Structure formats: structure tokens, C-alpha cells
Amino acid sequence: MIVSRGIHMGWLLRENAAALGILVSYDVAVTCAYLWLHWHWLSIPLLPLPLLGSAIALILTIRNNAAYARWWEARTLWGAILNNSRNFARGVLAQIDDAALAQHLIRCQIAYALTLRCHLLRISNADALASYLPPDLAESCAKAANVPMAIQAAMGRALAAARLGGKLDTVAVGNLDRTLAAVVDAQGGLERIKNTPLPRQYSALPLVFSRAYCVMLPLGLVKGLGLAMPLGSALIGFMFLILNEVGLDLEDPFSNNMHDLPMKAITRTLEIDLLQTIGAEEIPPPITPQAGILA
Amino acid sequence: MIVSRGIHMGWLLRENAAALGILVSYDVAVTCAYLWLHWHWLSIPLLPLPLLGSAIALILTIRNNAAYARWWEARTLWGAILNNSRNFARGVLAQIDDAALAQHLIRCQIAYALTLRCHLLRISNADALASYLPPDLAESCAKAANVPMAIQAAMGRALAAARLGGKLDTVAVGNLDRTLAAVVDAQGGLERIKNTPLPRQYSALPLVFSRAYCVMLPLGLVKGLGLAMPLGSALIGFMFLILNEVGLDLEDPFSNNMHDLPMKAITRTLEIDLLQTIGAEEIPPPITPQAGILA
Amino acid sequence: MIVSRGIHMGWLLRENAAALGILVSYDVAVTCAYLWLHWHWLSIPLLPLPLLGSAIALILTIRNNAAYARWWEARTLWGAILNNSRNFARGVLAQIDDAALAQHLIRCQIAYALTLRCHLLRISNADALASYLPPDLAESCAKAANVPMAIQAAMGRALAAARLGGKLDTVAVGNLDRTLAAVVDAQGGLERIKNTPLPRQYSALPLVFSRAYCVMLPLGLVKGLGLAMPLGSALIGFMFLILNEVGLDLEDPFSNNMHDLPMKAITRTLEIDLLQTIGAEEIPPPITPQAGILA
Amino acid sequence: MIVSRGIHMGWLLRENAAALGILVSYDVAVTCAYLWLHWHWLSIPLLPLPLLGSAIALILTIRNNAAYARWWEARTLWGAILNNSRNFARGVLAQIDDAALAQHLIRCQIAYALTLRCHLLRISNADALASYLPPDLAESCAKAANVPMAIQAAMGRALAAARLGGKLDTVAVGNLDRTLAAVVDAQGGLERIKNTPLPRQYSALPLVFSRAYCVMLPLGLVKGLGLAMPLGSALIGFMFLILNEVGLDLEDPFSNNMHDLPMKAITRTLEIDLLQTIGAEEIPPPITPQAGILA
Amino acid sequence: MIVSRGIHMGWLLRENAAALGILVSYDVAVTCAYLWLHWHWLSIPLLPLPLLGSAIALILTIRNNAAYARWWEARTLWGAILNNSRNFARGVLAQIDDAALAQHLIRCQIAYALTLRCHLLRISNADALASYLPPDLAESCAKAANVPMAIQAAMGRALAAARLGGKLDTVAVGNLDRTLAAVVDAQGGLERIKNTPLPRQYSALPLVFSRAYCVMLPLGLVKGLGLAMPLGSALIGFMFLILNEVGLDLEDPFSNNMHDLPMKAITRTLEIDLLQTIGAEEIPPPITPQAGILA
């Protein structure tokens with residue numbers, strides 16, 4: 001996620017240099033063809049442009065609103081995982097007297113959050129498993145298709161064993177289980193966003209339409225603007241391309257690029273909070289933005 | 001659901017070839033009539049077109065937003081069924097010592113999800129019943145009008161019997177029942193979306209208006225654009241028709257076509273997860289997209 | 001509620017024949033006055049029309065979105081009543097051993113739903129009371145201002161008596177009471193929608209503005225369109241009138257007309273489900289659409 | 001709240017006579033100055049008007065949507081107070097055997113709702129306190145800054161005393177307390193809406209911009225419309241002023257004017273329902289609309 | 001937060017004097033260059049301006065809606081903290097007989113709310129800690145990275161100790177813990193809004209586009225408007241700049257400026273309410289607006 005406030009014209013131009021380059025070249029080519037080659041058939045009257053523009057604005061609005069809603073829902077769900085992990089840790093420490101068991105459960109919860117991030121990004125989770133789980137559990141969980149879910153299941157089994165062993169009463173198990181269920185619900189929501197892309201029509205159409213618009217724009221403007229055409233045409237075309245780009249950036253919040261949710265920072269916060277809770281000695285530093293990007 | 005990213009101009013043209021063909025033929029006919037037959041009365045001034053366009057944009061926005069909200073709500077409800085089924089399985093295994101009963105309940109829950117999909121699509125559920133329910137229960141459930149609801153009722157009776165038989169205490173029954181009630185709520189929501197179509201006016205008007213617009217567009221543009229008219233007119237008209245199409249695709253998410261929610265994949269995920277939980281031996285493979293479509 | 005898919009141009013024309021007739025007559029009159037009587041002062045420049053159109057589009061969008069949200073919220077609340085009635089019946093049968101009492105409670109719940117519909121539509125509920133309540137209870141409930149609420153109160157008293165008589169424990173009463181409270185909440189929401197109309201300004205302004213627009217439209221178009229004016233002007237004016245109509249249809253979902261929620265079908269579904277649950281012999285048939293309308 | 005359906009052109013004109021008068025006078029003055037005094041420098045070309053109009057439409061849409069959402073949220077919160085008061089009364093009667101205590105609690109809840117209305121409107125609550133609370137409690141509550149909250153606190157103390165005196169068990173207290181907490185939440189929401197106005201920029205800008213628009217409109221239209229200008233200009237300007245007015249009416253739903261939520265009617269409904277529940281003899285009549293306004 | 005209703009043209013002009021000054025100077029310069037220096041190449045045809053305007057309106061609407069939603073969500077979350085703190089205090093007083101412990105817990109909750117405000121604004125919390133916590137607890141909490149969270153943890157430990165010491169039963173601890181968990185959830189939401197800025201593209205693009213628009217506007221209008229151009233151009237440009245400003249004001253509700261949520265007033269209300277509850281003698285006065293601004 002970009003956190004730097006310094007995203008202004010310079011940044012925009014750099015990031016979209018390729019698209020802008022093609023756009024300007026095309027605009028210049030049309031201008032030259034019209035003014036010096038006298039290909040006057042290139043010019044078309046202006047009217048269809050606003051009609052076209054309103055259709056594009058319509059679909060861009062729907063798409064960008066939906067993409068932003070997905071992004072913010074994903075962020076809210078990660079927030080729910082963070083909150084409920086803290087509630088779980090507080091509950092475990094207040095209700096379980098066996099310190100080793102309490103530590104084990106809280107370390108499992110850290111491993112859960114770290115592997116959930118890996119699961120969503122489809123990257124290796126070996127580090128997270130090795131650092132926070134006992135070797136045999138790490139090994140058995142690593143084989144599961146859904147690693148975080150396997151860790152949750154192991155935690156459920158540990159709680160059930162504690163209840164049978166008399167270390168926890170029914171009410172306490174019920175409370176902890178409700179917190180875990182809230183975490184499972186949030187994970188389900190994140191997987192839903194990951195596995196159900198925005199309807200492809202909403203992803204693809206704005207791009208197709210924006211490009212068609214950029215092709216027609218100089219043909220409509222060349223007669224009126226003359227030599228100034230490439231400037232005006234590129235500015236307007238660039239705006240629509242950028243708006244489309246913003247929607248694409250947000251519509252999949254787990255895609256391993258700089259527009260992702262800062263999941264590394266979120267899970268690190270959770271790691272630090274929970275490790276402090278159990279008095280761990282080595283605590284990793286918080287994640288800070290690198291060149292304006294928070295991972 | 002379409003998952004392939006490759007939906008670009010080519011795909012759009014192929015899918016909508018018929019509509020586009022009619023549109024272009026009509027545009028060409030108008031051009032010919034105007035330019036060669038000199039039917040100049042065909043041309044109308046441009047002004048009404050933007051007025052018309054804004055009315056269409058208005059209703060298309062309302063309709064497409066509502067259709068997308070229905071689609072995403074349906075997806076979220078299926079996610080709730082998936083989450084609560086997992087929670088139910090975890091709860092059953094943790095709280096019921098009788099392994100046969102636990103297995104029976106979890107297999108019932110799989111049958112529930114599979115028949116719910118069939119129920120929404122109005123297709124045969126014989127396979128699901130035969131695979132996961134004991135023959136007598138399968139037979140009695142098959143007769144019910146609402147098969148998934150009948151399976152739920154049977155599960156409720158099994159839980160009540162277990163409580164009477166002393167295999168479960170009141171608190172545990174309460175917890176499991178709350179999870180089942182959450183599943184019933186989600187099913188109720190899915191049936192609501194299935195049985196209550198978007199107000200028909202919102203379904204029908206955009207189509208009627210878009211077609212009227214496509215008829216008037218070439219009459220308005222022919223004088224100004226001349227030979228280039230079919231291109232511009234077809235592009236704009238095609239956009240409005242496509243936007244209408246996107247809304248129609250999303251407004252009923254259970255209609256047995258390629259824009260449906262991927263219910264087969266969702267229920268298969270649930271099947272695999274729950275079968276693994278009870279250590280089943282034969283586990284079906286996950287559903288993968290076929291030619292870019294996930295069923 | 002209209003469920004037939006066949007609402008196309010023909011249907012629209014028939015339903016709105018009066019408005020359309022007045023509109024076309026007026027448009028023709030203006031055309032004649034301008035072309036044959038040479039009342040050229042009738043013609044006004046075009047500019048104010050788009051300005052006017054954008055103000056109307058603005059308020060129509062706000063109004064129609066709000067009306068649709070009211071309609072869908074009402075449908076969702078009826079869904080909640082349906083779901084919670086099923087949950088209540090399942091809970092009653094699983095937890096109450098006295099079969100007569102269980103039947104009585106479930107029949108009360110059916111009477112509740114049937115009278116709630118009557119209450120919202122302000123129609124007679126004599127049938128519902130006579131069919132499902134014992135005569136003395138039916139008589140006492142019939143006198144209440146809020147009949148469904150009186151039935152609920154009677155159910156609450158029956159549950160309290162059962163608890164005092166030792167037929168139900170505290171936890172079970174608590175569970176059943178929570179379900180009834182969810183039903184009361186949904187009823188409260190339905191009464192809120194019934195008793196609090198959309199702010200009257202939002203109801204009245206679109207109509208006033210649309211009519212003003214229809215009056216001005218032909219004056220603006222007559223100079224440019226000539227003989228073709230009645231066609232273009234009627235089409236655009238008709239669109240705005242129709243859009244206003246759609247909003248009016250949805251903004252009050254309980255008004256005894258064909259745009260109402262299908263409350264008869266919903267309560268019949270509930271009736272059938274609950275009667276089957278208690279093994280009743282005479283079960284009424286489901287409601288089916290009549291001429292494309294589901295009541 | 002206006003409930004009469006008869007708000008049409010006549011009503012609008014009467015309510016906004018002053019604004020309309022100024023508007024028309026100004027339009028006529030511009031027309032005269034242009035046509036008879038030949039102040040041709042008054043006329044400005046038309047182009048900036050649509051640009052200006054779209055900026056105003058933009059902010060009006062955002063503001064009016066937000067204002068409507070505030071109004072409907074406030075209505076929903078009052079609905080929650082009504083529902084939970086009914087649930088509280090049902091719970092009190094079912095679980096407390098001491099009839100005097102039960103009556104006291106229910107009368108407190110009536111006083112709570114009545115004083116909450118007074119609290120939100122900043123009006124005297126002497127009547128409500130005198131009618132429903134014992135004199136000493138009324139006196140002590142009257143001194144509190146937040147009277148409804150003081151009544152709730154007294155109810156909490158009465159419940160605690162009942163529990164200590166053995167008249168209520170822990171579970172029952174927990175259930176009643178949850179209902180009271182839901183009422184407190186709803187009150188918190190109402191105070192939030194009361195104390196946090198819509199961002200002042202959103203309140204003030206539409207007015208400033210609409211007025212600027214009304215000033216510029218005749219200058220832009222006078223050349224083209226001539227003598228007909230005051231009509232067209234006043235109509236368009238009036239629309240924007242009215243749209244702004246609607247937003248202002250809704251944005252503060254507790255401001256002692258005719259656009260307020262019908263809090264008197266809501267609390268009266270609650271009063272009647274709860275008094276009937278405890279078999280009171282004197283029951284006030286329901287509030288009915290006066291001249292189309294429900295207070 | 002601005003609460004004064006007196007924000008009209010005067011206020012807007014003062015607050016944005018710098019931007020307006022630059023805008024007007026530029027507009028005047030263009031006019032002079034065009035009219036007296038006869039730099040006629042400065043003038044560009046008007047058409048691209050509406051195209052540009054619609055793209056800007058599009059992104060401004062999305063951004064300002066999202067910013068308002070963030071602001072209102074933050075306000076709602078603070079309301080949840082206020083409500084649940086009151087519920088916590090009521091619960092503590094009703095269920096804990098040890099007066100000293102009850103007072104300690106309620107004072108901790110006050111310190112929690114005060115330090116949460118400091119935490120969000122990144123300002124010193126020394127006062128809050130010194131006034132309401134015992135010195136040793138204040139010292140240990142002051143060292144934590146997340147001070148409010150540390151206070152909550154201390155409260156959790158105090159509750160656990162009270163349960164072990166027999167001062168509280170399991171059910172009461174469960175109820176109080178649920179209230180604390182609701183507070184933690186609300187804090188999590190506030191930190192989410194604080195730490196996850198609106199996507200930077202949505203923050204930066206409206207500014208970039210609005211400025212580009214202000215640069216082009218006079219070039220487009222100078223030919224038509226002549227000497228009147230600076231007035232019209234500045235008015236329109238100013239509107240877009242103001243709309244952008246409103247969004248920026250709301251998008252980060254914790255940024256130590258006058259557009260912030262009135263957190264000082266909210267926490268003071270909480271302080272007063274809770275101190276009155278425990279019968280404290282010195283109670284601070286409520287916060288009142290200063291020069292129309294509520295802090």
C-alpha cells in the first residue's frame with residue numbers, strides 16, 4: 001500500500017510512462033497526418049464523444065465503487081482478525097492456568113495469522129511454521145491444503161483436550177471458541193474476496209471502452225484544436241486510463257504488488273502484540289514503509 | 001462464473017455477435033438510404049440524443065448497482081454456509097464422543113450443502129442424497145418440497161435424540177443449534193434472492209430504452225458523420241447494449257448459465273474439507289475452471 | 001409483485017396509456033400550433049432543457065435508490081420472519097415434550113404471520129384468527145389494536161406458564177424467547193417502513209419536475225424536429241414519467257396493488273412448512289402467479 | 001413529518017414563496033435591464049452554466065444522500081427503542097412475580113422514552129417525569145444533565161436490588177440487562193446524530209453554490225430567451241433551491257419543525273402499548289396528523 | 001469539528017484566500033495577455049472542458065463519498081466506545097460489591113478513553129495517566145507501545161483476580177468481558193481508519209486533475225467571456241478546488257486540525273458521566289465550541 005503523500009504529477013507520469021507514451025505518439029501522429037499530410041478524412045465531428053464519455057463514466061463509477069468496497073472490506077476483515085486475536089490472547093491468559101498451554105495457544109494464533117497471509121498470496125509459509133509451531137505440528141500442518149485452517153483445527157483439538165483434562169470449564173471453552181469462530185468467519189470473507197474476482201465484465205469493459213475512447217478522441221479534437229490537440233487529447237485520455245488503473249489496483253487486494261493491503265505490517269503488529277503478552281524476549285521490529293510503500 | 005482474465009474485445013464481439021450484427025446492418029442501411037437514396041427526412045437533429053442518453057444512464061446505473069449487490073450478497077451468503085459448516089464440523093468433533101453419530105451429522109451437512117445447490121438451480125439431487133445419507137433417510141428427504149430443509153430437520157431430531165440419550169449436554173446442543181440456525185438464515189437469504197427477482201421494471205426498462213436509443217442514434221448521427229456513421233453509432237450503441245447485458249448477467253445468480261456463482265466449486269470445497277475432517281478415504285478432486293469458466 | 005418476464009414495450013404502453021395519451025396529444029397540439037398556426041413564440045431555445053434534465057435526474061436517482069432500498073429491506077424483514085418462524089418451530093418440537101402445547105405454539109406462530117400481513121395491509125384478519133387460534137384466544141386477540149403483537153404476548157404467557165409448570169427449563173425458554181424477539185424486531189422494521197413514508201418531498205418533487213419537463217420539452221424541440229417532434233418528445237418525456245412511476249411503485253411495499261411484496265405467497269410458504277412440521281392433514285396449496293402477478 | 005400526500009405545486013409555492021419571490025424579481029429586473037435599458041453587457045455566453053450546474057449537482061447529491069441516511073438511521077434507532085421497550089415489558093412481566101416492581105419498571109421505561117424525546121429536542125420534560133415516576137425519583141432525575149440516562153441508571157439499581165433480594169435470578173437479570181443495553185445503544189446513536197451535524201461544508205456549500213447559480217443563470221439565458229427568460233430561469237433556479245431545501249430539512253431530524261421525525265407519535269405508541277400491558281385504566285389516544293403533519 | 005452555522009461565503013473566502021488569490025491572478029493574467037497583448041494562441045476551443053469536467057466529477061464523487069463514510073464510521077466507533085463505557089460502568093456498579101475495586105475499574109476506563117484519543121492523535125498522554133491511574137500502573141502502562149491496550153490488559157487482569165478472589169462469578173465476568181471486547185473492537189476500527197489512509201490515488205488525483213482544470217479553464221473561456229472571464233472562471237475553478245478540499249478535510253478524521261472529530265468533547269462527556277456515576281466531587285466542565293470549532 002502506498003502511504004507516502006508525495007504522489008503527484010511526477011509519480012503519475014513515471015508509473016504510467018508507457019501508456020502515456022503510446023497515447024502521445026498516437027495523438028502527435030494524428031495531428032501530423034491531419035495538418036501536414038492533409039488527411040482530412042481523419043477528422044470526425046465532435047458529437048459522439050460526450051455520448052461515449054458518459055457511457056464510460058457510468059461503468060467506471062460502478063466498477064471503481066465496487067473495487068473500493070472490496071478493498072475496504074478486506075481491510076476490515078484483517079482488522080477483525082487482529083482484534084479477535086488480541087481478544088483470544090487476553091481470554092487465554094485470564095482463563096488458563098497452565099502457562100505452557102497458554103503460550104502454545106498464543107504462538108499457534110501468531111502462526112495462524114502469518115500463514116493466512118501466505119495462503120492468500122500463494123507464497124511459502126515455511127518460516128512462519130518453523131518459528132511458532134512445535135516441529136511435529138508444523139510438519140503435519142504443512143501438508144494441509146488450507147494451512148491456516150489446519151492450525152485452527154489443531155487449536156480446537158488442544159482446547160477440547162484441555163476441557164477433558166479439567167483445565168478449562170465449559171463456559172470458558174465456549175467463550176474462546178466463539179472468538180475462534182469469529183476469526184474463521186473473517187478468514188472465510190478474505191478467501192471469498194480472493195477467490196471471487198469482480199465480475200470479469202466489470203474488469204474488462206472499462207479498459208476496452210477507455211482505449212476505444214482514446215482512439216477516437218484525437219479524431220474528434222484535431223480539427224478544432226490543431227497543434228494544441230496532442231496536449232488536450234492526451235490529458236483527457238490519460239485521465240480515463242488512470243481512473244481505470246485505480247480501479248484495477250484496488251479490485252484484487254492480495255496480488256503481490258505495491259497496491260496490496262499492508263498485510264506484512266498488520267501481521268507483524270499482531271506478532272509483536274501477542275509476543276509481548278506472553279513476555280517473549282526476542283520481538284521483531286515493526287514494519288516501516290520503504291520508499292513510500294508499506295508492505 | 002468467468003474467471004479467465006482474457007475477456008477482451010474478441011470475447012465481447014463473439015458473445016454478442018448477433019446483437020452487433022443487427023446493429024451494424026441497421027446502421028449501414030440508414031447510411032445507404034441517406035447517402036444514396038437521399039432519404040433526407042431520416043436525419044433528425046442531435047439534441048434529443050444526450051437527453052435520452054442521460055435517462056438511460058440513470059436507470060442503467062440504478063439497475064446495475066442493484067444487480068451487483070444481489071450477486072455479491074448471494075456470494076456472501078454461500079460463504080456463510082461454508083464457514084458455518086466448518087464451524088459445525090469442528091463443534092461436532094470436539095463435543096460428541098460417539099464417532100458414528102459425529103460422522104453421520106457431518107455427512108448430513110455435506111448432503112445439505114449439495115442439495116441446497118440443486119434446490120436453487122431446480123435440478124436433480126439424487127446423487128447427493130445417495131452418496132451421503134443412509135438409504136431410508138435419503139428416501140424420506142427426497143419426498144420433501146424443500147429437501148435441504150428436510151435434512152436440517154433430520155439433523156435437529158438427531159441432536160435432540162442425542163441430548164435425551166445423554167450424549168450431549170444442553171450447552172453443547174445450544175451451541176450446535178446456533179450454528180445450524182446461522183445456516184438456515186443464509187439459506188433463507190439465498191431463497192429470497194432466488195424467489196424475489198429484481199423489480200421487473202428495472203429488468204425490462206433498460207433493454208427497452210437501450211434499443212430505442214440504438215434505433216434513434218444513427219438517425220441523429222447520419223448527417224454529421226456520413227460514411228463514418230456506422231462505426232461511431234455501432235460503437236456507442238454496442239456499449240449501452242453491453243452494459244445492459246452485464247446487469248442481466250448478474251441479477252439472477254442462480255440461473256444455470258456461465259455467469260452463475262461457482263456453486264459447484266464452493267460445495268466441492270466444503271465436501272473436501274468436511275470429508276478430510278472425518279478422515280474419509282475417497283475424496284473428490286476440487287473443481288477447476290473449464291475454458292475460463294468456473295462452474 | 002410482477003414475476004412474469006414478459007414486460008416489454010407492449011406492457012409499458014398499456015399500463016401507462018393515459019399518461020402517454022395526454023403527452024402525445026399535447027406534443028401534437030404544439031406541433032400543429034407551430035407549423036400551421038405559425039405560433040412561433042412557442043419555440044424556446046434548447047439550452048435550459050439539459051439544465052432542467054440534470055436536476056430531474058439528480059432527484060430521481062436519489063428517490064429511486066431510496067425507494068428500492070425500502071422495498072428490499074421490507075423483503076429482507078419478511079425473510080427474517082420466515083426464517084425465525086422455522087427456527088421457532090424446530091426449537092419448540094425439539095424442546096417441548098407436551099405435544100398439545102407444541103402444536104398450539106406453532107399454530108399461534110402461523111396465525112401471527114397471517115395477521116401481520118393483514119395488519120400491514122389494513123385488511124380483515126378474521127380468517128387467520130378463526131383457523132389457527134382457539135376461539136377464546138381469537139376473540140380476545142381480535143380486540144387488540146395490534147393483533148399480531150397480542151398473539152405474541154399470548155405466546156409469551158404460554159411459555160412462562162410452561163416454565164412455571166416445569167415443562168421447560170430456563171435455558172430453553174431463553175432460546176425460544178430470543179427467536180421470538182427476532183420476530184418482534186422484524187415486525188418493528190416492517191411497521192417502520194409502513195408508517196414512515198419516504199419524505200414527501202422526495203415523493204412529490206420528481207413528479208412535479210417531470211411534468212414541468214414534459215411541458216417544456218416540445219417547446220424546445222419543435223423548431224428543430226418539426227413534424228418528427230411528437231415522436232422524440234413523447235419518447236423522452238415518457239421515459240422520465242416511467243422512471244418516476246417505478247420509484248412510486250416501490251416506495252410503499254404494502255399498498256394493496258400489484259407492485260406489493262408477495263406477502264400472500266410468503267405467508268402461505270410459512271403456513272405449509274409449519275403445518276407439515278406438526279403433521280397436519282389438510283395443507284393449503286402454494287400460491288402461484290396469476291397473469292404474471294404473484295400476490 | 002409531513003404525511004399528507006397532497007404536496008404538489010401549490011404547497012411548494014406557498015412554502016417557498018419568499019425565495020421564489022426574490023428569484024423572480026431578480027429575473028424580471030435582469031430582463032427589463034437587458035431589453036429596455038439595453039444593458040447588453042449583462043449577458044454572458046452560456047457555456048459556464050452547465051459546468052457550474054454539474055459541480056452543484058455533484059455536491060447536492062452527496063449532501064442529500066448523506067442527509068437522507070441520517071434521517072433514516074434516526075428513524076431506525078427510534079424503532080429499536082420501541083422494539084426493545086416492548087421486549088423489556090414482556091420480559092419483566094414474564095419473569096418478575098412482584099407486580100408492583102414490574103409496574104414500576106415499565107412506567108420507568110415509558111418515562112425514559114418520553115424524556116428522551118424532550119432531551120433530543122431540548123424541551124421541558126416535567127410532564128413526563130410527573131406522570132410516570134414516583135415523586136422522589138422524579139425529583140432526583142430532573143437534576144441530572146442527561147435525564148433519560150439517569151432514569152436508566154435508576155432502573156439498573158432497581159434490578160440489582162431485586163436480584164439481591166432474591167426476586168430475580170442471574171440469568172433473568174442478564175436478559176433484561178441486555179435489552180436495556182440495546183436501548184442505551186440506540187440512545188447513543190440518536191445523540192450522535194443530534195450532536196454531530198453533517199460536516200458544515202456539506203451544509204453550507206450547496207446553498208452558496210445554488211445562490212451563485214441563480215445569480216448567473218439569468219445573465220446566461222437573457223439573450224436567448226428574451227421575455228420568456230424569467231419563466232425558464234426561475235423554474236431551473238427554483239429546482240436547485242428546493243433540492244437544497246430538502247437536504248436541509250432531513251439533515252437534522254430533531255429540530256422542532258415540521259420535518260422532524262414523528263417522535264411524539266412514536267413515543268405515544270409506546271406509551272399506549274406499555275400501559276395496556278400493565279392494564280392501566282387511563283390510556284391516552286394515539287397522535288393523529290394535524291393538517292397533514294404528524295408530530 | 002466546525003459546529004457554527006455561520007460558514008458562508010465570507011468564511012469560505014477567508015479560509016481559501018491563498019488558492020483563490022493564485023487562481024484570480026492567473027485568470028486576470030490570461031485575460032490581459034489575450035485582450036491587450038493579443039496572444040490569441042492562448043485561446044482553445046471549449047469542447048474538451050466538459051469532457052475534462054465529467055472525469056473530475058467522477059473521481060471527486062467517489063473520493064468524497066468514501067471520505068465521508070470514513071469520517072462517519074469513525075464517529076460511530078467513538079459512539080460505540082462511549083456507549084460501552086457507560087454499560088461497563090453500570091455493570092461494574094451493579095455486580096461488584098467491593099466499592100474500591102469498582103471505582104478503580106471505572107477510573108481505568110476513563111483513562112482508557114482519554115489515552116485512546118492521545119494515541120490516535122500521537123500526542124502526550126501524561127495527564128490522563130496521572131489523573132486516573134495509580135502511580136505504579138500509570139508508570140508501567142506509559143512504557144507500552146499501545147497505551148490504551150495496556151490499560152485494557154490491566155483491567156482484564158483485575159477482573160481475573162476478582163474472579164479468583166471470589167468477588168465475581170463466572171457469568172458476571174463474562175458479561176463485563178463482552179463489553180470490554182466491544183470496546184476493543186471499536187478501538188481496532190479507529191486504528192484501522194488511522195493507519196489505512198484512503199488509497200493515495202484517490203487522495204492525489206482529484207487535486208492534480210482540479211488544478212489542471214483550473215489551468216485550462218481560462219484558456220477555454222477567454223475568447224467568449226472577454227473581460228468577464230476572471231469572474232466566471234474563478235467561480236467554477238474555486239468550486240472544484242473547494243470540493244476537493246472538503247474531501248481532504250474528512251478523509252483523515254484524526255489529524256489535529258479543526259476538521260477533526262470532536263474527540264476532546266466526546267471523551268470529556270464520558271469523563272463527566274463516569275465520574276458522576278461513582279460520585280466523584282471534582283468534575284470537569286463540558287467542552288464548549290470556541291469560535292465555532294468544537295475540539
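Residues numbered from 1 in each chain as written. Chains lettered and ligands numbered in written order. Predicted model: local features only at pLDDT ≥ 70, side-chain atom pairs only at ≥ 80, totals over all residues. Heavy atoms only, no water.

Draft legend 1. Just the overall build of chain A, in detail. Of regular secondary structure, chain A possesses 11 helices and zero strands. Its helices and strands taken in sequence order, chain A reads α-α-α-α-α-α-α-α-α-α-α from the N to the C terminus. For 295 residues, the compact-globule estimate of 2.2 N^0.38 gives 19 Å, and chain A exceeds it by more than 25% at 27 Å. Along the longest, intermediate and shortest principal axes, the C-alpha atoms of chain A span 90 × 35 × 30 Å. Put simply, chain A has 295 residues, and 61% of those count as buried. A separation of at least 24 residues holds for 75% of the contacts in chain A among residues at least 6 apart in sequence. In the form shown here, chain A has an accessible surface area of approximately 11,300 Å², with 61% of it arising from carbon and sulfur atoms. (Helix = DSSP H or I, 4+ residues; strand = E, 2+ residues; numbered from the N terminus. Rg over C-alpha atoms; globule rule 2.2 N^0.38 Å. Buried < 20%, exposed > 50% of the residue type's maximum accessible area, 1.4 Å probe, protein only. Contact = heavy atoms within 4.5 Å. Areas by Shrake-Rupley, 256 points an atom, 1.4 Å probe, with all protein chains shown as cover.)

Draft legend 2. Summary view of the UniProt feature "transmembrane region" (unreviewed entry) in chain A. Taken from the UniProt record, the annotation "transmembrane region" (unreviewed entry) applies to residues 12–36, 42–62 and 227–248 of chain A. Structurally, residues 227–248 of chain A comprises 91% helix and 0% strand, and the distance from its first C-alpha atom to its last is 33 Å. (UniProt positions renumbered as here; feature names shortened; annotations may be inferred.)

Draft legend 3. Structural detail: the environment of Ala-19 of chain D. All names here are of chain D. With respect to the secondary-structure elements, Ala-19 resides in helix α2 (residues 17–35). Given a relative accessible area of 34%, Ala-19 falls into the partly exposed group. As a C-alpha pair, Ala-19 and Arg-200 span 181 residues in sequence and 22 Å in three-dimensional space.

Draft legend 4. How the structure looks around the interface of chain A and chain B. Chain A puts 45 residues into the contact, and the matching count from chain B is 46 residues. In total, chain A and chain B occlude about 4,100 Å² of area from one another, counting both sides; carbon and sulfur atoms represent 71% of this. For the interface between chain A and chain B, the tally reads two salt bridges. Residue Arg-90 of chain B is joined to Asp-177 of chain A by a salt bridge in which the shortest nitrogen-to-oxygen separation is 3.5 Å. Seen at the junction of chain A and chain B, the total is four residue pairs in polar contact (both at pLDDT 80 or more). Elements with a minimum of two residues in the side of chain A that touches chain B: α3 (48–95), α7 (147–164), α8 (170–195) and α9 (200–225) of chain A. (Buried area = accessible area lost by both parts, 1.4 Å probe. Salt bridge = Lys/Arg side-chain N within 4 Å of Asp/Glu carboxyl O. Polar contact = N/O pair within 3.5 Å; in protein donor to acceptor, adjacent residues only side chain to side chain.)

Draft legend 5. Expanded view of the relation of the copies chain E and chain D. When chain E is fitted onto chain D, the two copies agree to an RMSD of 0.0 Å after a turn of 72° and an axial shift of 0.1 Å. Put plainly, the chains are arranged around a five-fold axis. Mapped onto chain D, only 2% of the interface residues of chain E again fall at the interface, so the copies present different surfaces. (Least-squares fit on C-alpha atoms with pLDDT ≥ 70 in both.)

Draft legend 6. Up close: the relation of the copies chain A and chain B. In the superposition of chain A on chain B (RMSD 0.1 Å, axial shift 0.1 Å), the rotation amounts to 72°. Little of the interface of chain A is mirrored in chain B: 2% of its interface residues are interface residues there too.

Draft legend 7. Representation of the environment of Ala-66 of chain D within the structure. For Ala-66 of chain D, the position within the fold is in helix α3 (residues 48–95). Leave out the neighbours within four places in its chain, and Ala-66 of chain D touches Leu-198 of chain D together with Tyr-68 of chain E.

Draft legend 8. Inspection of the pattern of salt bridges at higher detail. Inspection of the entire model under this criterion finds 35 salt bridges over all chains. The partner of Arg-86 of chain C in a salt bridge is Asp-273 of chain C, with the nearest N and O atoms 2.9 Å apart. Of this pair, Arg-86 of chain C sits in helix α3 (residues 48–95) while Asp-273 of chain C sits in helix α11 (residues 263–277), and the two are 187 residues apart along the sequence. For the pair formed by Arg-86 of chain C and Asp-273 of chain C, the shared burial category is buried. What emerges from the salt-bridge pattern is a single network uniting Arg-86 and Asp-273 of chain A together with Glu-191 of chain E.

Draft legend 9. Structural view of the interface of chain E and chain D. On the side of chain D, 46 residues touch chain E, which itself brings 46 residues to the contact. Between chain E and chain D the total buried area reaches about 4,100 Å² when both faces are included, carbon and sulfur atoms providing 70% of it. Contact with chain D buries surface across chain E, with Trp-72, Arg-90 and Met-239 of chain E losing the most and accounting together for 16% of the total. Applying the counting rule to chain E against chain D returns two salt bridges. Between Arg-86 of chain E and Glu-191 of chain D there is a salt bridge whose closest N-O contact spans 3.6 Å.

Draft legend 10. The arrangement of a nonpolar patch on the surface in detail. Residues and elements named next belong to chain A. On the surface, a nonpolar cluster with roughly 390 Å² of combined accessible area is contributed by Leu-37, Trp-39 and Trp-41. Looking at the secondary structure, you find Trp-41 in the loop between α2 (17–35) and α3. Trp-41 gets classed as exposed once you look at its relative accessible area, which sits at 63%. (Patch = residues over 30% accessible without salt bridge, like charges linked within 9 Å, V, L, I, M, F, W, Y side chains within 5 Å.)

Draft legend 11. Examining the arrangement of the chains more closely. The closest approach of any C-alpha atom in chain A to one in chain C is 13 Å; the two make no contact. Chain E makes no contact with chain C, the minimum C-alpha separation between the two being 13 Å.

Draft legend 12. Local environment of unusual backbone geometry. Phi at Asn-256 of chain C is positive, roughly 60°, even though this residue is not glycine. Not every positive phi belongs to a glycine, and His-38 of chain D is a case in point at roughly 55°. By the secondary structure assignment, His-38 of chain D is in the loop between α2 and α3. By relative accessible area, which is 54% here, His-38 of chain D ends up exposed.

Draft legend 13. Inspection of the packing of helix α6 (residues 135–142) of chain C against helix α7 (residues 147–164) of chain C at higher detail. All names here are of chain C. Closest axis-to-axis distance for the α6/α7 pair is 9 Å, and the angle between their directions is 135°. In this view, α6 runs oblique relative to α7, as classed from their interaxial angle. In this structure, α6 meets α7 at a crossing whose hand is right-handed. Residues Leu-137, Cys-141 and Ala-142 of α6 form the contact with α7, whose participating residues are Val-147, Ala-150, Ile-151 and Ala-154. Taken together, the residues of the contact of α6 with α7 sort by class into seven nonpolar, no polar and no charged. (Axes fitted to C-alpha atoms, helices over the stretch in contact; angles between N-to-C directions. Parallel < 35°, antiparallel > 145°, perpendicular 65-115°, else oblique. Left-handed = near helix turned anticlockwise from the far one by under 90°. Nonpolar A, V, L, I, M, F, W, Y, C, P; charged D, E, K, R; others polar.)

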